[in-house]
Structure formats: structure tokens, C-alpha cells
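Analysis of the macromolecular model
Each chain, written out:
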Amino acid sequence: MINVNWASWSLTGGWKTNSMVYTSKNACSSLKKVLGNVWYSLMKAFNSPKTSCPIAPVKIFIFIGFSYLVKSKNVFMPNLPLGEYRTVIEKIYPCASLNSLQTIKTNLYFNKRTSNITEMKGNFTFLVPFDDSLTLDVNAASWSLIGGWKPNSMVYISKTACSSLKKILGNAWYSLMKAFNFSKATCPIPLGIYVTSGLDFKEIEDHNFPKVYFYGKYKTTVKIKNVKNDVLGCIILELSLIRPWEKPI
């Protein structure tokens, strides 16, 4: 098994774990997939007898050569499985199975105003304040090469829902507050119905998500929970992360 856990540096100091979590039971093949062409560079530089899984026990002595290879040749590697990306949101919709406790409702959709401008439209309904007594639970599933969604590609959970979402969204938070006519841009968000006539999607991309991530198709489920772990609100986004020069399919 391979288990990767990224911690982010808190604004108040100290490391906060689970900023990004990646776990796979197929350690060797998963690492090979993630590294892409870098895998073959490693195998060659470290004199591995083969480039396929499994890797047999062997003593490795060469490191300087690979370091030079990375520094000198990895300036532009367009086929790497990760890097800077553009976000293409294909679908946005409420979760199917919502209980009677749903008190945070979303009715959002995307509208293509012109060939170059896509807008977010709709409304948020808060029947309870959106504050830091709630928990933000985000789980991104990735699309498998053999078909089907694989959950837990990225997991983010925070017990301070409002402040955490504000931090994650960055400048996009303020764009949302303005476009949806929120009474203020700070936490907590009071009860009410907040409507927008249209928000340019490019403004939503100005966020604090990791600037480098794995390319592919994702289904991200965002849940808001109370202290009893009841789901008060839930929304799903299906999106693709593509290379900056690629065009959406």
C-alpha cells in the first residue's frame, strides 16, 4: 500500500494534516502511474533491471546522475500526469439522498453566455447560519482508467466549516459573496436566500486550491454536517483538470 498525506502550513502556525490524502492498495503500479515518464527516468538512472512491477530487491547507488537529469531535462514535460491545470466543470447538482434535516440548500447551474464566458447562476438557501460550529467534508472521486469512480482521491475535513471554506476559496470567496448579494463577506453567514444573476466562472478559479495536481476527471462531493454528523447540505461537482493548453473534450 502507498499512503501519501500532505500537511499545509496554518496561518496561525503549525502543520495541519490531511490537506491532501492519496491512498492506494496497489503501491507499485499506482506509483508508476503517478510518476509517468519520471518512473522510467528513475528506473534507468538507478540501474533497475526492469521498469515493470514488481521491483526486485536491489542495492541502489546512483543518485547524482538522476538529480542532474531532473534539473536539466524536466523543464518541459507535457506528458507528466500532474502539473498546473485548468478547471472544466461539467456538472453541478445536489446529492441524491438528502435527509429531512437539509437546512443548507443549493440550486446552482452553469450557463454559457458566450463562446468564451460561462456563468454560474442560481441561489443558496440557508435555514441555519453557516458558521464554524459545522463541519466541511470534501471527498473527490477520480475516474478509473477501467471505468467507474474511485472515492478518496482527495479528502478534506474541517470542523470549522465557514472559515475553512473561506480560506480554501481565497479571492473566489469574495467574488461569490458579491455576486450572490450576501450581506457580508465574513463568517458566519446569516440565514437567508442568496441569488445571483450570473457569476463569470473565471472569477471562481481564483482560489487557494493546490496549483499543481493530477490531471483527470473528478467527482467532488461537498457535505456540510452538524456536531451530530447529520448532513445539512450536500452538493456534487463533476469536473476535469486539464493541461493549460488543452481544450475541453
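Residues numbered from 1 in each chain as written. Predicted model: local features only at pLDDT ≥ 70, side-chain atom pairs only at ≥ 80, totals over all residues. Heavy atoms only, no water.

The next point concerns the pairing of strand β11 (residues 216-225). The side chains of a regular strand alternate, first on one face of the sheet and then on the other. Pairing analysis gives eight bridges linking strand β7 (residues 135-143) to β11, with the strands arranged antiparallel. Its bridge partner being in β11, S142 is matched across the sheet by Y218. Note that β11 and strand β12 (residues 231-242) share 10 bridges and pair antiparallel. Across the sheet, residue T220 finds its bridge partner in β12, namely L237. The loop that links β11 with its antiparallel partner β12 comprises five residues; one of these, N229, has a positive phi angle of about 70°. (Pairing = 2+ DSSP bridges. Helix = DSSP H or I, 4+ residues; strand = E, 2+ residues; numbered from the N terminus.)

Before going further, it helps to spend a moment on the sheet that holds β12. An order of β4-β12-β11-β7-β8 is seen for the five strands of this open sheet, with the pairing classed as antiparallel. For this open sheet the edge positions go to β4 (86-94) and β8 (149-158), each flanked by a neighbour on one side alone. In this sheet, neighbouring strand axes are inclined to one another by 20° on average, regardless of whether the strands run parallel or antiparallel. Its contacts with the sheet place helix α4 (residues 161-169) against β7 and β8, and it is angled at close to 50° to β7. (Axes fitted to C-alpha atoms, helices over the stretch in contact; angles between N-to-C directions. Contact = heavy atoms within 4.5 Å.)

Time to look at the state of the cysteines. Tallied over the full model, the rule gives three disulfides. Across the disulfide from C28 sits C53; the S-S distance is 2.0 Å. Residues C28 and C53 share a disulfide whose torsion about the S-S bond is about -90°; that sign makes it left-handed. Here the residue C28 occupies a position in helix α1 (residues 27-35), and C53 occupies one in the loop between α2 (37-45) and α3 (64-73), the gap between them amounting to 25 residues. Classification of C53 as partly exposed rests on a relative accessible area of 30%. The disulfide bridge from C95 ends at C234, spanning 1.8 Å between sulfur atoms. (Disulfide = S-S within 2.5 Å. Buried < 20%, exposed > 50% of the residue type's maximum accessible area, 1.4 Å probe, protein only.)

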